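Here is how the chains run, residue by residue.
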Amino acid sequence: MSAVKDSRIIDKINSLGFDIDRMPKHIAVIMDGNGRWAKKQGFFTRIKGHENGVTALRELTTSTAELGIEYLTVYAFSTENWNRPKTEVKALMNLLVGALKDELPVLQKNGIRLNAIGNLTTLPQKAFKELHEVMNATKNNNHLVLTLALSYSSKTEILHAAQKIAMDVKQGKLQPEEVDEGTFEKHLFTHNLPDPDLLIRTSGEFRISNFLLWQIAYAELHFSDTLWPDFTGKDLYAAIQDYQQRERRFGKTSEQLNK
Ligand code: FPP
């Protein structure tokens, strides 16, 4: 992925008053509040919130790409979400299929590569197939990697990594003392992604909800009161502004960093 930013991106970053050297490379988002948004709007069904959530996701993807941010990862469906009412799960899966079909031209036009993490084989066949078609069609795009976390559980991801490593040790391919962070990361769904720099959660909730537990070890956290369907470029800019005010010390002291 190229770190070179074109002049439109530089102009956009400057026009917003951001420090170009301190832009996050990878933003992760827990999109929360669709149900509450639908209720607040007087809709009888939560699905309306999810439908408008798709629109907000489209807007976020565009705003992120305009800033030259290279990776965007969104929590679209957790393994725990399978326990929601059947009608809501079905509607979410239909929405996913529809969005994948509709968005392909937009992804191509904007050089966005679609990626997915999670236990994808548990998705309905139609969703699994559409997802792989879009991932395959966009695989050579290199402007932004949009990763959908689908049927995702971070604890399961970590357990699977531990199982695979244990198997390699059992088969003599690896010595226990050779198991380090790098070995572990290679076995996570996110092995081809850098760790998020910034994690945003919407709707005024302060939880991580089993999302990227390993990967966010040093991410900056931003909690927004905005319900997901109302989230716009302005909310993204507020999160980046907040991020740029943080001092990322990675365990070091301020003095060490400023030397
Ligand atoms: C959380 O809001 C949102 C979800 C569980 C789904 C997120 C999905 C989208 C934004 C639409 C895109 C979807 C796909 C499948 C691409 P909530 O329903 O938990 O809201 P609440 O906390 O107000 O009830």
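With that out of the way, let us pick up the site of the ligand. Inspection of the region around the ligand gives 16 residues, with D32, G35, R36, R46 and R84 positioned closest. Within the backbone of N34, an N or O atom sits 3.1 Å from an oxygen atom of the ligand. At 2.7 Å, a side-chain N or O of R84 approaches an oxygen atom of the ligand. Considered class by class, the residues forming the shell around the ligand number 6 nonpolar, 6 polar and 4 charged.

Judged by nonpolar contacts, the single largest core of 45 residues is most densely connected at I27, V29, L67, L114, L131, L236 and I240. Take this core: its biggest share by element is 7 residues, from helix α4 (residues 86-109). Excluding its chain neighbours within four sequence positions, the residues that come into contact with L131 are L100, L114, A116, L120, L123, L148 and L150. Among the nonpolar cores identified, the runner-up in size contains 11 residues, and A28, I30, Y75 and L212 belong to it.

Enumeration according to the criterion identifies 11 aromatic pairs in this entry. Ring geometry for F206 and F223: centres 5.0 Å apart, planes at 50°, overall tilted. Taken together, the residues span a long stretch of sequence, with F206 in the loop between β5 (198-201) and β6 (220-223) and F223 in strand β6 at a distance of 17 residues. It is K48 that lies over the ring of F43; its NZ or CZ is 5.9 Å from the centre.

The subject of this paragraph is a negative patch on the surface. A surface patch of like charges, here negative, comprises E177, E178, D180 and E181. Looking at where D180 falls in the secondary structure, it is placed in the loop between α6 (154-170) and α7 (181-186).

For any two helices packed against each other, one specifies the inter-axial angle together with the distance between the axes. Taken N-terminus to C-terminus, the directions of α4 and helix α5 (residues 125-137) make an angle of 5°; their axes are 9 Å apart at the nearest point. Comparing the axis directions of α4 and α5 gives the class roughly parallel. Contacts between α4 and α5 involve L96, V97, L100, K101, L104, L107 and Q108 from the former and K126, A127, E130, L131, V134 and A137 from the latter. Considering only residue class, the contact of α4 with α5 consists of 9 nonpolar, 1 polar and 3 charged.

Take the pairing of strand β1 (residues 26-30) next. Counting buried positions along β1 yields 5 of 5 residues, so the element is predominantly enclosed. Side chains H26, A28 and I30 project from β1 onto one buried face, and the interleaved I27 and V29 project onto a second face that is buried too. Two elements, β1 and strand β2 (residues 71-78), share 5 bridges in a ladder whose sense is parallel. When the bridges of β2 are listed, V29 appears paired with V74.

Conventions used here
Residues numbered from 1 in each chain as written. Predicted model: local features only at pLDDT ≥ 70, side-chain atom pairs only at ≥ 80, totals over all residues. Heavy atoms only, no water. Near = heavy atom within 4 Å. Polar contact = N/O pair within 3.5 Å; in protein donor to acceptor, adjacent residues only side chain to side chain. Nonpolar A, V, L, I, M, F, W, Y, C, P; charged D, E, K, R; others polar. Core = buried A, V, L, I, M, F, W, Y, C linked by side-chain atoms within 4.5 Å. Buried < 20%, exposed > 50% of the residue type's maximum accessible area, 1.4 Å probe, protein only. Helix = DSSP H or I, 4+ residues; strand = E, 2+ residues; numbered from the N terminus. Contact = heavy atoms within 4.5 Å. Phe/Tyr/Trp six-rings, centres within 6.5 Å; stacked < 30°, edge-to-face > 60°. Lys NZ or Arg CZ within 6 Å of the ring centre and 35° of its normal. Patch = residues over 30% accessible without salt bridge, like charges linked within 9 Å, V, L, I, M, F, W, Y side chains within 5 Å. Areas by Shrake-Rupley, 256 points an atom, 1.4 Å probe, with all protein chains shown as cover. Salt bridge = Lys/Arg side-chain N within 4 Å of Asp/Glu carboxyl O. Lys, Arg positive; Asp, Glu negative; His and termini not counted. Charge placed at Lys NZ, Arg CZ, Asp CG, Glu CD. Axes fitted to C-alpha atoms, helices over the stretch in contact; angles between N-to-C directions. Parallel < 35°, antiparallel > 145°, perpendicular 65-115°, else oblique. Pairing = 2+ DSSP bridges.

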